[in-house]
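# Inside the fold
Listed below, chain by chain, are the residues.
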Amino acid sequence: MKSSGGVLITDMEAFDRLVLNPVTNVDSIKLVFYTAPWCGPCRMSTPAVESVVEQYALTNAVECFEVVTDDVPEIPEVAGIESIPTIQLYKKGRVVDVCVGSVAESVLKNVVESTLKREK
């Protein structure tokens, strides 16, 4: 686990396996938090991400991951990340929703809930 409570993705192979693979990732929404330790807005968003991670910890509906962009720059490049913080929601290996910039807990929770309803 990393600071957000999501599983830390440390290489492209793990990103492919855990997030992008449409065959093995059919049931749950994958929330990917792109961040960096020097990023002030990222630090401001971390409590919101932590709270959402905690709310879904006992369900299989949402799985949360964290990518430290400085450590694995190839992942944000492949994912099309242009700024951080960014949160992408994936279903079956494709991006279904995105939050860019610092995000409040209520906003993130609404985005996740909306995505869950839409992507049943």
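Everything that follows concerns the structure shown earlier in this document.
The structure contained in this document is the topic of the report that follows. (Residues numbered from 1 in each chain as written. Predicted model: local features only at pLDDT ≥ 70, side-chain atom pairs only at ≥ 80, totals over all residues. Heavy atoms only, no water.)

What follows deals with the nonpolar core. Leu31, Val49, Val62, Ile87, Leu89, Leu108 and Val112 are the most contacted members of the largest nonpolar core, which has 18 residues in total. When residues of this core are traced back to their parent elements, those giving at least two are β2 (29-35), α2 (40-55), β3 (62-68), β4 (86-91), β5 (94-100) and α4 (105-118). Top contributing element to this core by residue count: α4, with four residues. Not counting residues within four places of it along the chain, the set of residues in contact with Leu89 comprises Ile29, Lys30, Leu31, Arg94, Val95, Val96, Asp97, Val111, Val112 and Thr115. Formed by 17 residues, the second largest nonpolar core is a distinct cluster that contains Ala14, Val19, Val72 and Ile81. (Core = buried A, V, L, I, M, F, W, Y, C linked by side-chain atoms within 4.5 Å. Buried < 20%, exposed > 50% of the residue type's maximum accessible area, 1.4 Å probe, protein only. Helix = DSSP H or I, 4+ residues; strand = E, 2+ residues; numbered from the N terminus. Contact = heavy atoms within 4.5 Å.)

Backbone torsion omega between Ile84 and Pro85 reads 0°, so that peptide bond is classified as cis. Relative to the helices and strands, Pro85 is located in the loop between α3 (74-79) and β4.

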